[in-house]
Structures are given as C-alpha cells and as structure tokens.
Amino acid sequence: MHLGVSESMRECEYSQISTRSSTPMETPYKKRTPKKRKWEIFPGRNKFYCDGRIMMAKQTGVFYLTLILILVTCGLFFTFDCPFLAQQLTPVIPVIGGVLFLFVLGTLLRTSFSDPGVLPRASPDEAADLERQIDVANGGTGYRPPPRTKEVVINGQTVKLKYCFTCKIFRPPRASHCSLCDNCVERFDHHCPWVGNCVGRRNYRFFYMFILSLSFLTIFIFAFVITHIILSSHQNGFLSALKNSPASVLEVVVCFFSVWSIVGLSGFHTYLISSNQTTNEDIKGSWSSKRGKDNYNPYSYGNIFTNCCAALCGPLPPSLIDRRGFVEADVPQLAPPTNGITIYGSTQSQQSHTAAATPLLQHQSSEPVILTTSPENGGTLPGRASLALTGPCTSLPLGQPTPPTSTSSLSCHEAADKLPVHGHTLTHNHSNPLQESLFQHHFLTPEEVPSPPGMLHCGSPMGHSHTTQAGFYDPASQDSLHEDSVRGLVKLSSV
Amino acid sequence: MATEFHNLQELRHSASLANKVFIQRDYSEGTTCKFQTKFPSELESRIERTLFEDTVKTLNNYYAEAEKIGGQSYLEGCLACATAYLIFLCMETRYEKVLKKIAKYIQEQNEKIYAPRGLLITDPIERGMRVIEISIYEDRGSSGSSSGSSSVSGSTAR
C-alpha cells in the first residue's frame, strides 16, 4: 500500500510539474501523442494554416472577397484591355500593370498571413508576480480592486499603461487588445477585415504598401480602361466599343468605387505615418492638441521624413509567439496555481508567493486546495463523487484544520478525508464553454492548480480533474471571485 | 513525501526552484526594448549589484542595437522591399542576428556568473520580450539558507 501510494504520488507530482501547455488527457509518462507545435495551443482566436506558417484572424470571408475582386478585375484587364492597348499604344502598359498586380498581391498576402505583432500571454509565474505587486500597491483591501493602470513618462508625456485581464500583462505603450482576435498586439493600428488580420507593428508597412500600390493599380486600370474605350470608340463608335469589351464596363465600375475609398485610405495612412500615429490613437485623439495644450505625440521623431523612414524602413522585429516551435515538455514551475485566485490567496496567507510554491514543493502546506465559488461550507461532497478519492488521501495530515468558509469551498481540507476540491470547479463552472475552458486550460494547465501535498496523492483523480478544472479559469469575469476566495483562503490558513 | 518529491526534482535539476524574479520593461524612452536596471530585493543576498546591473545594461545595449534606425536598417528595408521581401528567405534580418548574439551572451552569463550563484536567466524572447525572468534555485543541502530576503522559508509555512 505504501508503495502504491508513492507510485501514485510520484505520478501525481510528475504530472503536476510538467508542461504548462499539455492537453488535458496527455500525461508525460504516457507519451502517446506526438509533440505539439505552439500554434496548436495558441490561446487567441487566430486561425493557422500550413502548420503554423500562416496566421490569420478568425473571420476571413471579407479577405477572400478582396482577393476575388483584385484577381477578377486584373484578370479582365489583362485579358480584354491589354491586347488592344499593347497594340495601339505600347506593350509597356501590360508590363507595368503586371508588376503592380504582383506587388499588390504580394503585399496583401504578406499583410494577411504574417503575425501583426501579437504579444504572448503572461506565463503563470509572471501573472502571479504581477498580481502580487498589484495587491501590494492596492494595499490588499477592497473587494474590487481599482482598474489596474500604471503611469509612465515617455519623452515628457505621461502615458497610462493598462492591465490586460485576458493576457495578464501590462500592455506596452501603443499596444492594444484586439477583441476579434483576442490578442494584445504591439503598436496596434486596427483590425482590417479586408486583409483578414490585425494591422500592427510587424505588418503595418506591408499594409501601407498594399493600399498604396492598390491605389496606383486601381488608378492605372481605371485610366487605361477609359483610354481603351475612348480609343475604341474613335474607331468604331462608343456603343460598339462597349459591346466589344463588356468587361471594361465592369472594370470601370469596380475601379471607380474603389478609387475613392482606397486612395482616401492611403492618404489617411500617409498622414498617420508622417506623424507617427496609429489609427487607434488618431481615432481616440490621444495626441490631439484639443486635449490639452501640452499634449503632443511622444513617439514622433519630429520631422516627417524620419517618421516615414522609421515606419517603413525600420528594423522588422521577429514574431514573439514562435508559432512553429514545439511545446516544451517540462518547464520548471514555481507556483502551481495559474490563476490569480490561488496565487493571490497563497500570497496573502503566506505573505510571499514563494511560500506558496515551496510548501508545495517541500513540505505540506496549509494552503487550501482551490478556490472555487461553490459556497459549500465544509460538509461532505457527495455530489462531487466524480473524483474518486484514493485511500492514502484520507490519511494525509494537512497543516491545519479548515474551518468552513463562505466562499472558498475547501472542504477538502477540513478533515483530509474529503474529496479533492477539483470536483467543485466542475459544478461551478460548467456554464463556461468547454472549448474556451480547454483553451484556457491549455494555457494555464490544471496541473498548476494548487493543492497541498496531501492532494497530490490522489493520482487518478488528477487526470480526471484536469478537464473539469479547465472550466473554472476565467480571469476577467471572476475578479470578485478572486477576492472572495482570497478572503476564504486567508481565513483558512490563519486558523 | 517531501523526500520523494525532491528525488523527482533531482531528476530534472540539481536544485529546486525556489523563486522567480521578473525584471520588467522600462518604457521611459518609448516603445524600444529596454529593461529596468533596478536591483530586485530578492537577489540582494545572491549576487552583487554591479554584476546584475552590468548584465541588464549590456542586454539593453544589444536591444538598442537591434532596433536602431539608421543607415544600415534603411538599406536593409529598401533592399527587402525591392526584392518583395524574398531576400529574407536566404538572409537573416539584423534583428535576428542580434537576437542570436543576445542568446549567446545570456548563456555565457548564466554559465560564468549566475549558475554558480544558483540563479538562471531566461532569455526575454521566450517571455515575449516582456520580462527578464531570473529563476532562483535553492540547494538541496542547504534548505535552511534563504534564497532571497522575503522568500522561501519553511518557517513561514508552519
């Protein structure tokens, strides 16, 4: 029995330490599934193609429309208008048209397929560290902490850095969270449905080149189709010219409407580049002088030429999300809990987040197992019987007796003979879409849910609990939950 | 149980991970990559202040070099644009070259300075350039020794 205990414990602990990003059913010692690439467990709402080489937003319908419009219009131009123009005027026209077309297509694909500058989400330890710092700053009081912002002075201008609840980071200046892609993007310009991707630091120059070259192409096609019709009508008459090449009419219509929007957009972005602003900042009027006399853009280099060069010819940073890298099998984890709740609680109860980890690592901790909201106060958990508790669990002494608390349903601790609290999460959070929770789960790893060493003995439930635990992590909506749990945790550990 | 756990850890590391310190970004000069040189209190007993500051300053210099906007970067940008960015199939960008230098530097620092003191620096690129993560390890034998001022303490748990 003792051997059996240590065996299951070892399995538990091993799976506890291991990978942050493993799938729910995957356990290290099984190694049934092949290694996954990081794009497969990416927490954002992006779509990946070609084994992670191509990255796009979720909604790509409009992108295909853009592609079709460009291909069809250019196709018609080359098929119907170019032979006439090459003959009548000069063969240079189709050549220039061809070059422009290829350039447009290249920049469009580059804009759409590349990583706009997505900031990877914080690792669990970073998030815990930040939570701790924020807590210290707030004085640790109040159910709802004030909005988390940090002020920083950049070139004499005060800029507010906001905390992103989804990504668990303080956003760098000029970064913004795209709700469509569910990512924080560096130097976020806007989310463009026409290219099917966000426009950010890494693909802004391609986007600008795309709209600039598209404006030239549109004007080029428009001008030469008109020329074709005019020349043709000189020879045959206007109506017969139109009858001979009906495609030209379609091209003219498409180009006419496109010109206004595309050229307008190019002009707007030229202005933005020359003043080194993003669309986001311009719309919000962040650096507008209307806000205040001393309000100026701290990122501008002062002159238009430098701003343009910096935006278009500056160094291209590499992608931070490493889509095609392999998921690491084992990453040393400091704090098993991955969400603010437990770490927060641990911090409070232990006065240092490290203590939260080390008790887990080194000795029995008095940490309550998990935070959840089902307001069960101590009593047995018949309903949670989904997780069977193995014998050894019951005999493990936990640090302290656990008094019933209102919110933290850590009845597990109460007598060390209860089921793991993992079960609680299932009931509380079944409302969360499983998909999303699995996603979050991948990111956060349920193995990191804290449990006192006693809990680790429950080998079999661990694997089972992974999927159930997944549901409970939802940072933004459970802020108040955090607070409640923390209160409970503090009470528990203080006994 | 604790012993068995430690045996397991030993399979992976010779010491147990005790704490992690995160050096945050310094945005006072804009969006360029720069890390704060403020000496974290957790490292006070582990490493000399000057060594730490030297490391961070050197890293900051490397990043500044990577992101420098000047003649070479313009040339690279224009050349890339002219070749429709196909040139990057054969050539590395300057940024990537500097990142390789940084990786090598960090490895060297870890080997020479940090590992002997039970510390380990994680390359910021692995953390999305948000932080420099310094892991503090505690020797198995000296569980009583503190690995930082406020940290791991068996005592606080009791």
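Residues numbered from 1 in each chain as written. Chains lettered and ligands numbered in written order. Predicted model: local features only at pLDDT ≥ 70, side-chain atom pairs only at ≥ 80, totals over all residues. Heavy atoms only, no water.

Chain B is annotated in an unreviewed UniProt entry as Golgin subfamily A member 7/ERF4 domain-containing protein of Oreochromis aureus. Reading the Subcellular location (unreviewed entry) entry of the UniProt record for chain B gives the comment "Golgi apparatus membrane". Listed under Sequence similarities (unreviewed entry) in UniProt, the entry text for chain B is "Belongs to the ERF4 family." (UniProt positions renumbered as here; feature names shortened; annotations may be inferred.)

As recorded in an unreviewed UniProt entry, chain A goes by the name Palmitoyltransferase, listed as coming from Haplochromis burtoni. Within the UniProt record for chain A, the comment given under Catalytic activity (unreviewed entry) is "L-cysteinyl-[protein] + hexadecanoyl-CoA = S-hexadecanoyl-L-cysteinyl-[protein] + CoA". For the record of chain A, the UniProt heading Sequence similarities (unreviewed entry) holds the text "Belongs to the DHHC palmitoyltransferase family."

Describing the sheet that holds strand 3 (residues 118–119) of chain A
The strands making up a sheet associate through backbone hydrogen bonding, with each pair oriented either parallel or antiparallel. All names here are of chain A. With antiparallel pairing, 3 strands are arranged side by side in an open sheet as 3-8-7. The outermost strands of the open sheet, each flanked by one partner alone, are strand 3 and strand 7 (176–178). The sheet contact formed by strand 7 and strand 8 (residues 183–185) spans 3 bridges and is antiparallel. The residue bridging Ser-176 from the neighbouring strand is Val-185, located in strand 8. (Pairing = 2+ DSSP bridges. Helix = DSSP H or I, 4+ residues; strand = E, 2+ residues; numbered from the N terminus.)

Comments concerning the sheet that holds strand 2 (residues 119–122) of chain B
All names here are of chain B. Pairing is antiparallel in the open sheet, where 3 strands are placed in the order 1-3-2. Lying at the two open borders of the sheet, with one neighbouring strand each, are strand 1 (15–24) and strand 2. Averaged over all pairs of adjacent strands, the angle between their axes in this sheet comes to 25°, without regard to strand direction. Both strand 2 and strand 3 (residues 131–139) contribute to a ladder of 4 bridges, which runs antiparallel. Bridge pairing links Leu-119 to Ile-136 in strand 3. (Axes fitted to C-alpha atoms, helices over the stretch in contact; angles between N-to-C directions.)

Details of the environment of A:Gly75
Position of A:Gly75 relative to the elements: it lies in helix 2 (residues 61–88). The spacing of A:Gly75 and A:Ala247 is 172 residues in sequence and 10.0 Å in space, taken between C-alpha atoms.

Examining the confidence of the model for chain B
Residues and elements named next belong to chain B. Residues with a pLDDT of 70 or more make up 79% of chain B, whose mean pLDDT is 78. Every residue in residues 1–12 is under pLDDT 50, and counting partners more than four places away or in other chains gives 25 contacts. Residue range residues 143–158 is modelled with pLDDT below 50. Its contacts to residues more than four positions away, or to other chains, number 34 contacts. (pLDDT = per-residue confidence, 0-100. Contact = heavy atoms within 4.5 Å.)

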